[in-house]
Amino acid sequence: MAGPEGTRSAELFARAQKVLVGGVNSPVRAMRSIGRDPLFIGRAEGPYVWDADGNRYIDFLSTWGPAILGHSPEAVLRAVERALPLGTSYGAPTEREVVFAETICDAVPSVEQLRMTSSGSEAVMGALRLARAATGRETIVKVAGGYHGAIDGLLAQAGSGLTTLGVPASAGVTAAATAATHIVPFNDAPAAAAALEGAAAMIVEPVAGNMGVVPPRDGYLQALREACDRTGALLIIDEVITGFRVARGGAQERYGVRADITCFGKIIGGGLPVGAFGGRREVMRELAPEGPCYQGGTLSGNPLATAAGLAVMGELAKEGVYERLEASGAALEEAVRASGAPVHINRVGSMLTPFFTHGPVEDYADATRSDTDAYGRFARALLAEGVYPPPSQFEAWFTGLTHGDAEIAAARDALARAAGA
Ligand SMILES: *Cc1c(COP(=O)(O)O)cnc(C)c1O
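Report on the accompanying structure. Keep in mind it's a predicted model, so treat the numbers as computed, not measured.

**Here's the deal with the state of the cysteines**
Reasoning step 1: A full pass over the atoms with the stated rule returns zero disulfides.
Reasoning step 2: Its sulfur unpaired, cysteine 105 is 14 Å from the next cysteine sulfur, which belongs to cysteine 263.
Reasoning step 3: Cysteine 105 gets classed as partly exposed once you look at its relative accessible area, which sits at 22%.
Reasoning step 4: As a non-bridged cysteine, cysteine 293 has cysteine 263 as the owner of its nearest cysteine sulfur, 13 Å distant.

This is the structure in C-alpha cells:
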C-alpha cells in the first residue's frame, strides 16, 4: 500500500527515488517494514509533526529519541540563535565544549573524561577502538538484536548456538570485520560471562531499544559488571538512547551499574548531529593526543550542536522532569492497552514497544516472534488517524515533555480506532 496518490509526499517520494537511494537517507525511514511509502515532513513543534501536505500527527517517533523536550523547544531555538552569529565551526576548542563535558561528567559519575563526535555510530566506533587499545585484546561481545550504529564490526548476526561467532549481517562487511565479534542473547549473563574470557569488552544497550524495548532482568547489568571485572574486559554501556532519558544519569543511575566506557548520542545533541563517549580517566588517556589510540573528527564539538545539546541537558535538570516523563510513558502504555490491540507492552519510563505477541519479551528471539504484519497494519491505521508511530515493530515509541494529557487522550482514541480497523 502506497501513500495516497497525488499528495505532496507522493510527489516528493517519486522525485527522491531518482536521486536518493530508496528515496531516503536512512533505510527504515522508507517505511517498507510497515508496507507503505514514507511521509515527507515539513515542520515539527511540541508533540506534533506536520507532513508536506500539512497533515498533523501526534509524534511518538520523536526523531528516534532526541526530541525529549518535544520538537522545536524554545530553549534549543534560542541557544542555537545565540550561537549562530558567532560562527558555525572553527576546528578549534571552545568554552562550550568544556561546559558540555562538565555537564555529562556531572550527570554520569562513571564518566570522568569525554570525547565528542558527530554521531552515535562514531562514538561507538571510538569506544571499541579505545577498549581494544586499553586492554590489548580484540574480541568484542555484543548481544543478538543489539544495535550500535552502522559499524562494520558490529553489523553481525548470530550463527547457531548460545555463544556464537559473528557472521556479517550486511553485504559489504567482510568476514574479518566480524570475526572478533561474539554474539550472546540479551538478558543471559552466564552466556556473556563465558564469552568474555579473553575479550576486550562487552557492549550492551542497558535497556534494549533497537529490538523494540526490552528491559534488563534484575541483576543482569550487575552480572555483566562482575563478569567484566573477573575477566579484565571493559564494560561499554551504549546509552545513545537511554542517556538522559531513563534518568538524568541514564540507565547507569536507574539500575545502579557503572560502565568503563559510556556512549552517548541522540538526546545530547538536541536534534543536531552529536555523539560522545567517555569513561574512566585511565582508560580515556589511551586516546590521542595523550595516548596511541587515534580518534578525531572535523566537526566534533561543533558549536551549534553543542549549544543545542547543552540547552536540552539544561532543561532536563529542572525539578520533576523525570516524574513527568514516567507519567507520560505510563499514560501512553495505558492508552495502548485500552485500545484492545493484541499486544504485549514493554516499557521503561518514556520508552515503550507494543509487541504483537504473547509476552514475555526478554530477548531478541522473543521479540522476533512478534507478528510484524499486524504491527504494520496497526501503524498504517495510526498514521491515517493522525498518530505517528515508529515505522517498524523493532523500535521504541518515545514520549517527551510535551506529550500532555490532551495529546495522550487524543492518541488514546486514535489507538482504539486503529486497533479496530
Ligand atoms: C541510534 C543508535 C546508535 C547510532 O547513533 P547514530 O547517531 O544513528 O549514528 C548507536 N547506539 C544505539 C543504542 C542507538 O540507538
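**Here we look at the site of the ligand**
Reasoning step 1: For the ligand, the full set of nearby residues is Ser119, Gly120, Ser121, Tyr147, His148, Gly149, Glu205, Asn210, Asp238, Val240, Ile241 and Lys266.
Reasoning step 2: Within the backbone of tyrosine 147, one N or O atom sits 3.5 Å away from a nitrogen atom of the ligand.
Reasoning step 3: Notes on the ligand: free accessible area 380 Å², of which the protein chains cover 83%.
Reasoning step 4: Taken together, the residues of the shell around the ligand sort by class into three nonpolar, six polar and three charged.

**Structural notes on the pairing of strand S10 (residues 234–238)**
The side chains of a regular strand alternate between the sheet's two faces.
Reasoning step 1: Summarising burial for S10: five of the five residues are buried, a large majority.
Reasoning step 2: Burial along S10 is two-sided: Leu234, Ile236 and Asp238 and Leu235 and Ile237, pointing in opposite directions, are all buried.
Reasoning step 3: Alignment of strand S9 (residues 201–204) against S10, held across four bridges, turns out to be parallel. In the strand pairing of S10, alanine 201 is matched with leucine 234.
Reasoning step 4: On the question of chirality, the crossover connecting S9 to the parallel S10 by way of helix H7 (residues 220–231) is right-handed.

**Some remarks on helix H3 (residues 95–107)**
Reasoning step 1: Taking 1.5 Å per residue as the helical rise, H3 with its 13 residues ought to reach 18 Å, and the 19 Å between its terminal C-alpha atoms agrees with that figure.
Reasoning step 2: For H3, every residue scored as buried is listed here: Glu97, Phe100, Thr103, Ile104 and Ala107. Projected down its long axis, H3 shows its buried positions confined to an angular sector of 120°, all on one face. Those residues of H3 that are exposed and angled more than 90 degrees off the buried face are Glu95, Glu102 and Asp106.
Reasoning step 3: Close packing links the buried residues of H3 with strand S4 (113–117), strand S11 (261–264) and helix H10 (303–315).

**Some remarks on the sheet that holds strand S15 (residues 387–388)**
Strands belonging to one sheet form pairs held by backbone hydrogen bonds; the direction of such a pair is parallel or antiparallel.
Reasoning step 1: The strand order S1-S2-S3-S15 describes an open sheet built from four strands, whose pairing is mixed. Each end of this open sheet is capped by a strand with a single partner; those strands are strand S1 (41–45) and S15.
Reasoning step 2: The pairing of strand S3 (residues 56–59) with S15 spans two bridges and is parallel. Bridging from a neighbouring strand, isoleucine 58 pairs with valine 387 of S15.

**Things to note about the sheet that holds strand S16 (residues 397–398)**
Reasoning step 1: With antiparallel pairing, the three strands of this open sheet are ordered in space as S13-S14-S16. Lying at the two open borders of the sheet, with one neighbouring strand each, are strand S13 (344–348) and S16.
Reasoning step 2: As judged from the two bridges shared by strand S14 (residues 351–355) and S16, these two strands associate in the antiparallel manner. Across the sheet, leucine 352 pairs through a bridge with tryptophan 397, a residue of S16.

**With respect to the packing of helix H2 (residues 74–83) against H10**
Geometry of a packed helix pair, given as the angle between the helix axes and the separation of the axes.
Reasoning step 1: Relative orientation of the contacting elements H2 and H10 amounts to 150°, with a least axis distance of 8 Å. As far as their axial angle goes, H10 and H2 are roughly antiparallel. Regarding H2 and H10, the two cross each other, and that crossing is right-handed. Residues Ala75, Val76, Ala79, Val80 and Ala83 of H2 lie in contact with H10, whose contacting residues are Pro303, Leu304, Ala307, Ala308, Ala311, Val312 and Glu315.

**Points about unusual backbone geometry**
Reasoning step 1: Cis geometry marks the peptide bond from alanine 288 to proline 289; its omega dihedral reads 10°.
Reasoning step 2: Examined against the element boundaries, proline 289 turns out to sit in the loop between helix H9 (281–284) and H10.
Reasoning step 3: With an omega of -10°, the peptide bond between glycine 359 and proline 360 qualifies as cis.
Reasoning step 4: Following the sequence through the fold, proline 360 ends up in the loop between S14 and helix H12 (364–367).
Reasoning step 5: Of note, the phi angle at threonine 63 is positive, near 50°, even though the residue is not glycine.
Reasoning step 6: In this structure, threonine 63 sits in the loop between S3 and H2.
Reasoning step 7: With a relative accessible area of 37%, threonine 63 lands in the partly exposed category.
Reasoning step 8: The phi dihedral of serine 72 falls on the positive side, at around 50°, and the residue is not glycine.
Reasoning step 9: Along the polypeptide, serine 72 turns up in the loop between S3 and H2.

Reading the values: rules and limits
Residues numbered from 1 in each chain as written. Predicted model: local features only at pLDDT ≥ 70, side-chain atom pairs only at ≥ 80, totals over all residues. Heavy atoms only, no water. Disulfide = S-S within 2.5 Å. Buried < 20%, exposed > 50% of the residue type's maximum accessible area, 1.4 Å probe, protein only. Near = heavy atom within 4 Å. Polar contact = N/O pair within 3.5 Å; in protein donor to acceptor, adjacent residues only side chain to side chain. Areas by Shrake-Rupley, 256 points an atom, 1.4 Å probe, with all protein chains shown as cover. Nonpolar A, V, L, I, M, F, W, Y, C, P; charged D, E, K, R; others polar. Helix = DSSP H or I, 4+ residues; strand = E, 2+ residues; numbered from the N terminus. Pairing = 2+ DSSP bridges. Right-handed = clockwise from strand over helix to strand, strands pointing away. Expected span 1.5 Å × (residues − 1). Arc of directions from axis to C-beta. Contact = heavy atoms within 4.5 Å. Axes fitted to C-alpha atoms, helices over the stretch in contact; angles between N-to-C directions. Parallel < 35°, antiparallel > 145°, perpendicular 65-115°, else oblique. Left-handed = near helix turned anticlockwise from the far one by under 90°.

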